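Coordinate analysis (summary)
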Amino acid sequence: ARAQKVCIGPSFNGRLGASLALPLEMVVPQRPRSSPILAAAVLGVVAYVVGPAAFALLGGRSARSSGLRQGTARWATETKTADTTTSDGEEFEFQAEVGRVMDIIVNSLYSNKDVFLRELVSNAADACDKKRFLALTESDAPPEPMKLRISTDKEARTLTIEDNGVGMLKEELQENLGSIARSGTANFVKELGTGQADVSLIGQFGVGFYSAFLVANKLEVYSKSFKAPEGERKAWRWMSTGHSYTLSDPGDVDFFGEQSGTRIVLHLKEEAQEYLDSGKLSDLLKKYSEFITFPIELWNEKVQYDQVPDESAPPPKEGEKQKMKSVPRSVYEWEVMNKMKPIWLRNPEVVNESEYTEFYKTTFKAFDEPLTTTHFKVEGQIEFRALLFIPSTMPFELTRDMFSPEGKAMRLYVKRVFINDKFDDLVPRWLTFARGVIDSEDLPLNVGREILQKSRTLKIIRKRVVRKVLDTIDDLRDKKPQKYEQFWSSYGKYFKVGLVEDLDYKDELKRFVRFWSSKSEDNQTSLDEYISRMKEGQTQIYYVTGEGRRAAEIAPAMEKMRQKDFEVLYMVDPLDEICSQSIVDYQGKKLVDINKAGLDLGKTEDEKKEMEDTLKEYEVLATWLKKQLGERVQKVQISDRLVDSMATLVQGEWGMSPMMQRYMKSQTTSSASDSAFAIGSRNQAILEINPSHNVIKSLKNAMEAAPDAPSTEDMVMMIYETAALIGGYTIEDPGDFAKRVTKLMEAQADTSSGPMDAEVVA
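Residues numbered from 1 in each chain as written. Predicted model: local features only at pLDDT ≥ 70, side-chain atom pairs only at ≥ 80, totals over all residues. Heavy atoms only, no water.

**Brief notes about the overall build of the protein chain**
On a plain count of helices and strands, the protein chain comes out with 21 helices and 27 strands. Per-residue burial over the protein chain gives 50% buried out of 762 residues. For the protein chain, the accessible area works out to roughly 38,500 Å², and carbon and sulfur atoms hold 49% of it. (Helix = DSSP H or I, 4+ residues; strand = E, 2+ residues; numbered from the N terminus. Buried < 20%, exposed > 50% of the residue type's maximum accessible area, 1.4 Å probe, protein only. Areas by Shrake-Rupley, 256 points an atom, 1.4 Å probe, with all protein chains shown as cover.)

Listed below in structure tokens is the structure:
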């Protein structure tokens, strides 16, 4: 048969998007009639193909109506000169270096070669969907059962993808495959009109087919159309090496479908032989196309074991059976790859718990049961379906790094085709632990379907998903407290991070956070529960920081709180402290650190008068102590928060606790910054002394009697270092501290061991 050789050209409809800043010589042929306006227009075309915005489909004019002429041998669309003359001047068709456009599609549009299989399988699924629709609306005969088949030939180095879908006429092969950015699927939907059919097709850009050139240096397409009269259906072959294509009559072609179908044969490049491996193909199909509506069959090798007589065994005795052995045998058979059904498309009322659990374990490779399941559909401004799970145990990928990229598992589908599960903006970072499926037809993807653009649609989806997750956790807290405790012990840190960094949900997350408390015993408590137990007249929520519950419990500042019977929250790690600073207040109650200066627990008039007298009495001692300690403390003041302890170190209003200081210091990298940080943190410390303690009274007497005596200096340092250790600070010189303790013990030993009378032995 005589073949027709034509050039592949883009299809334009004049609607152009934002220009892409590429050199003109890359996209505009250097012709005498070129102009800056023309150059800008062509740049817009390339921006459509390459850019991140998946804007209006360029499918208005067909290849023929755009001046595409058969028989041309070079890679360029022809320009009609002076198509029309108007009052504004001469009107011209756009021109483009199509070879450069094809090069951009193949080498720049897709970052991962694996996606070629997703694109071709999606096209085949669309073909089956079109045939199903046409058979129901325009044909008397029911369609045959439709499916896709994929096979390889290692000797010929070919990969074949075949479907028994709608197929294409000769004209459709030329228009759909010969015109870059012309989507046959988009045109099919457009011809149906809006609201006239229940059909959900995947293709939209008209460039996915050419992703095959990522792995192949030659493509052959054989197709027989369902649209042709039944007795006149004929196959046509389209073949291309990427520079031009030919259309020919291949004669008789055996399709596995009786009515119609399309077969794509990819002649793989040398470096793409991995796609001849059925294991690789199986993994890709399960990843990208697991939930395609129609069965996808892969010609796969299986090993079977046949039982044959064991010739090496001794002959059987009379009445005994011949000894057998197993011999492996390779067999090939069609294996269905997409057995799992997309249960998120079903009505939640008809899906049972076991189906959800099976889907969760299979899809996310999990071994635990889901703690919660949320299945919903959103209609209105946009439409999408979602199925969300919270694992009952922390996913393994997140055990070492709570925000590990490998731990993300919010899978995005567009019309049942997997796109990605690593999009950062689909759900907030503090929901990294959640697993789920989001399937939408309205998501703004780029042409390569690999980049999710920020848009109003995305914001709506994100907002609805977060709202549903929070509602589910609310139900868990109210109806299943034990499960909520399990949830919080596993994922509480994520909510605290969200409270710190996500301003949109800061107020929402306050009601979920839980902390250890001086009155909650072995259970953590929420801010609502704390407020419900507040004393009459209490206007503040009190908390204390410490590395662990025990360190918080023995903090000197807790003495006065216990005396007054105030409940205190324990912030036992740096994240808790950061979280408390982010909360600031809750239901009008301010959070107050009892280890910060300026703590006001309310005093009677008598207590205020007594405190004023004490301040006057010990003012000289405080000034002298500051002089003795120098830069170790910011200042020394008389405390009203101590009961049994002789002294404590507190921070200024904007100071950091010793736990936070160590955490921040661990984040620095240079010795210079370490030194600067140490000086700054040391200056924040304020030494508070208890004037009613005997040690402080003794120090006052020593200051008045012998301020420069070594014993007095040792007493000053012992008071400071003891307060630092109890408060969680690190003392500067543990060796000196040990010497002072030893000297004190020796003095005590000398005092207790006075002169002994000699014993008279008779």
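**Things to note about the packing of helix α16 (residues 605-629) against helix α19 (residues 694-705)**
The description of two packed helices rests on the angle between their axes and on the distance between the axes. Running from N to C, α16 and α19 cross one another at 75 degrees; their axes reach a closest spacing of 11 Å. Viewed along their axes, α16 and α19 adopt a mutual orientation that is roughly perpendicular. When α16 is examined against α19, the residues E617, Y618, V620, L621, W624 and L625 are found in contact with a partner set consisting of I696, K697, L699, K700 and M703. In terms of residue class, the contact of α16 with α19 is built from eight nonpolar, no polar and three charged. (Axes fitted to C-alpha atoms, helices over the stretch in contact; angles between N-to-C directions. Parallel < 35°, antiparallel > 145°, perpendicular 65-115°, else oblique. Contact = heavy atoms within 4.5 Å. Nonpolar A, V, L, I, M, F, W, Y, C, P; charged D, E, K, R; others polar.)

**Observations regarding the pattern of salt bridges**
Side chains bearing opposite charge may pair, as long as their charged atoms lie close to each other. On inspection of all chains with the given rule, the structure shows 40 salt bridges. Among the ionic pairs, R149 bridges to E297, the shortest N-O distance being 2.8 Å. One end of the pair, R149, is in strand β5 (residues 148-153); the other, E297, is in strand β12 (residues 296-309), with 148 residues separating them in the sequence. For the salt bridge of R263 with E162, the shortest nitrogen-to-oxygen distance reads 3.1 Å. You can see R263 sitting in strand β11 (residues 261-268) and its partner E162 sitting in strand β6 (residues 158-163), a full 101 residues away along the chain. Each member of the pair, R263 together with E162, is buried. Connected through salt bridges with shared partners, the residues R467, D471, D474, R477, D478, E508 and R511 form a single ionic network. (Salt bridge = Lys/Arg side-chain N within 4 Å of Asp/Glu carboxyl O.)

**Things to note about the sheet that holds strand β27 (residues 686-689)**
Strand order across the open sheet formed by three strands is β25-β27-β26, with mixed pairing between neighbours. Two strands lie at the open edges of the sheet, namely β25 (635-638) and β26 (647-650), each paired on one side alone. Taken pair by pair, the neighbouring strands of this sheet meet at an average axis angle of 25 degrees, ignoring direction. Sitting on the sheet, α16 touches β25 and β27, and the angle it makes with β25 is about 160 degrees. (Pairing = 2+ DSSP bridges.)

**Topic: the pairing of β6**
Burial of β6 is extensive: six of the six residues sit out of reach of the surface. Along β6, one buried face is formed by T158, T160 and E162 and the opposite face, lined by L159, I161 and D163, is buried too. For β5 and β6, the ladder comprises six bridges, and the chain directions are antiparallel. Bridge pairing in β6 links T152 to L159. Between the antiparallel neighbours β5 and β6 lie four residues, among them R157 with a positive phi of about 55 degrees. Summarising the sheet, β6 and β11 pair through six bridges and their orientation is antiparallel. Within β11, the residue paired with T158 across the bridge is H267.

**Considerations on the nonpolar core**
Considering soluble globular proteins, one finds that nonpolar side chains tend to be buried as a cluster. Counting residues in hydrophobic clusters, the biggest one holds 72 residues, and the most contacted among them are F384, F433, I438, F487, F495, Y542 and I594. It is helix α9 (residues 456-479) that provides the largest number of residues to this core, a total of nine residues. The next biggest cluster of nonpolar side chains, apart from the first, holds 62 residues, and it includes A124, C128, L214 and V417. (Core = buried A, V, L, I, M, F, W, Y, C linked by side-chain atoms within 4.5 Å.)

**Describing helix α7 (residues 278-288)**
Every buried residue of α7 is listed here: S278, L281, S282, L284, L285 and Y288. With its buried residues spanning 165 degrees around the axis, α7 presents them on a single face. The elements touched by buried residues of α7 are α4 (115-137), β5, β6, β12 and β17 (417-420). (Arc of directions from axis to C-beta.)

**Here's the deal with a nonpolar patch on the surface**
Taken together, W299, Y332 and W334 make up a surface patch of nonpolar side chains, about 310 Å² in accessible area. Position of Y332 among the secondary structure elements: in strand β13 (residues 324-336). (Patch = residues over 30% accessible without salt bridge, like charges linked within 9 Å, V, L, I, M, F, W, Y side chains within 5 Å.)

**Quick look at the sheet that holds strand β23 (residues 585-586)**
Through backbone hydrogen bonds, the strands of a sheet pair up, either in parallel or in antiparallel fashion. In spatial order, the strands read β20-β19-β22-β21-β24-β23; together these six strands make up an open sheet with mixed pairing. The open sheet is flanked by β20 (525-526) and β23, the only strands paired with a single partner. With four bridges connecting them, strand β21 (residues 540-545) and strand β24 (residues 589-593) associate as parallel partners. Within β24, the position partnered with I541 by the bridge is L591. Across the sheet, helix α15 (residues 574-583) touches β19 (514-517), β21, β22 (568-571), β23 and β24, and the angle it forms with β22 is around 130 degrees.

**Re unusual backbone geometry**
Of note, K365 is a non-glycine position whose phi angle comes to about 50 degrees, a positive value. Turning to its location among the elements, K365 is positioned in the loop between α8 (353-363) and β14 (370-378). For E521, which is not glycine, the phi torsion reads 55 degrees and is therefore positive. With respect to the element layout, E521 can be found in the loop between β19 and β20.

**A word on the packing of aromatic side chains**
One pass over the structure, following the stated rule, counts 32 aromatic pairs. Centroid distance W238 to Y245: 5.4 Å. Interplanar angle 25 degrees. Geometry classified as stacked. Assigned by exposure class, W238 and Y245 land together as buried. Between W430 and Y505, the aromatic rings sit 5.9 Å apart at their centres with planes inclined by 65 degrees, giving edge-to-face as the arrangement. (Phe/Tyr/Trp six-rings, centres within 6.5 Å; stacked < 30°, edge-to-face > 60°.)

**Digging into the pairing of β24**
Of the strand pairs in this sheet, β23 and β24 are connected by two bridges, and their pairing is antiparallel. Paired with Y586 across the strands is K589, a residue of β24. In sequence, β23 turns back onto β24 through a hairpin of two residues, with Q587 there showing a positive phi of about 50 degrees.

**Comments concerning a negative patch on the surface**
Judged by side-chain charge, E605, D606, E607 and E610 come together as a negatively charged surface patch. Its place among the elements puts E607 in helix α16. (Lys, Arg positive; Asp, Glu negative; His and termini not counted. Charge placed at Lys NZ, Arg CZ, Asp CG, Glu CD.)

**A short note on the packing of α19 against helix α20 (residues 710-726)**
Contact geometry for α19 and α20: axes closest at 10 Å, N-to-C directions at 145 degrees. Along this stretch, α19 crosses α20, giving a crossing that reads as left-handed. In contact with V695, I696, S698, L699, A702 and M703 of α19, α20 contributes T712, M715, V716 and I719. Of the residues that constitute the contact of α19 with α20, the class distribution is eight nonpolar, two polar and no charged. (Left-handed = near helix turned anticlockwise from the far one by under 90°.)

**Looking at the confidence of the model for the protein chain**
Taken over all residues, the pLDDT of the protein chain has a mean of 80, while the share at 70 or more is 77%. Across residues 194-205, confidence stays below pLDDT 50; counting only partners more than four residues off in sequence or on other chains, it has 42 contacts. (pLDDT = per-residue confidence, 0-100.)

**Re the side chain of H375**
Mapped onto the fold, H375 is located in strand β14. Reaching out from H375, the side chain makes a polar contact with the backbone oxygen of W344 at a distance of 3.1 Å. A polar contact is formed between the side chain of H375 and the side chain of Y356, at a distance of 2.6 Å. Other than its neighbours up to four places away in sequence, H375 contacts I343, W344, R346, P348, V351, Y356, A386 and L387. (Polar contact = N/O pair within 3.5 Å; in protein donor to acceptor, adjacent residues only side chain to side chain.)

**A short note on α8**
For α8, the complete set of buried residues consists of Y356, T357, F359, Y360 and T363. The arc enclosing the buried residues of α8, seen along the axis, measures out at 165 degrees, which places them on a common side. Packed against the buried residues of α8 are β14, β15 (384-391), β16 (409-414) and β18 (435-440).

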